[in-house]
Amino acid sequence: MSLHAAWAASAAVTAAYTPAAPTPRHALPTAHQSAEETFALAVRHQDEHVIKLADTCLDVHQRTGRPDALTAVIRATELIDEP
């Protein structure tokens, strides 16, 4: 039952926040900064969700070297209202 409840809650949140169309790749920010600078951007933003996302994305970036992980942090700072 717990799995079904968690799935239903996740599906509801996804449905509520998914845009009608994805943002075109060319409209996304480009990470021209280091991982440390990206994390500092998240900390300056002050939203705990942005900081948690940044922590995870920096782990991914360190493990894979993919710049998209840093781009995700920058995009989150744009999408999540500052406190």
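Up top is the structure these notes are about.
These lines cover the structure that appears in this document, whether it is placed above or below.

For the chain, the helix and strand inventory stands at four helices and zero strands. The helix and strand sequence of the chain, counted from the amino end, reads α-α-α-α. Its C-alpha atoms put the chain at 45 × 30 × 25 Å along the principal axes. As displayed, the chain offers around 6200 Å² of accessible surface, 59% of which is attributable to carbon and sulfur atoms. Distance between charge centres in the chain, computed from 6 positive and 10 negative side chains, equals 7 Å.

What follows covers the packing of helix α3 (residues 48–64) against helix α4 (residues 68–79). How two helices pack is summed up by the angle between their axes together with the distance between the axes. Two elements in contact, α3 and α4, have axes whose closest approach is 8 Å; the angle formed by their N-to-C orientations is 165°. Comparing the axis directions of α3 and α4 gives the class roughly antiparallel. Relative to α4, α3 is oriented so that their crossing is left-handed. The segment α3 lies against α4, with Val-50, Leu-53, Ala-54, Cys-57, Leu-58, Val-60 and His-61 engaging Ala-69, Leu-70, Ala-72, Val-73, Ala-76 and Thr-77. For the contact of α3 with α4, the residue count by class is 11 nonpolar, two polar and no charged.

Conventions used here
- Residues numbered from 1 in each chain as written.
- Predicted model: local features only at pLDDT ≥ 70, side-chain atom pairs only at ≥ 80, totals over all residues.
- Heavy atoms only, no water.
- Helix = DSSP H or I, 4+ residues; strand = E, 2+ residues; numbered from the N terminus.
- Areas by Shrake-Rupley, 256 points an atom, 1.4 Å probe, with all protein chains shown as cover.
- Lys, Arg positive; Asp, Glu negative; His and termini not counted.
- Charge placed at Lys NZ, Arg CZ, Asp CG, Glu CD.
- Axes fitted to C-alpha atoms, helices over the stretch in contact; angles between N-to-C directions.
- Parallel < 35°, antiparallel > 145°, perpendicular 65-115°, else oblique.
- Left-handed = near helix turned anticlockwise from the far one by under 90°.
- Contact = heavy atoms within 4.5 Å.
- Nonpolar A, V, L, I, M, F, W, Y, C, P; charged D, E, K, R; others polar.

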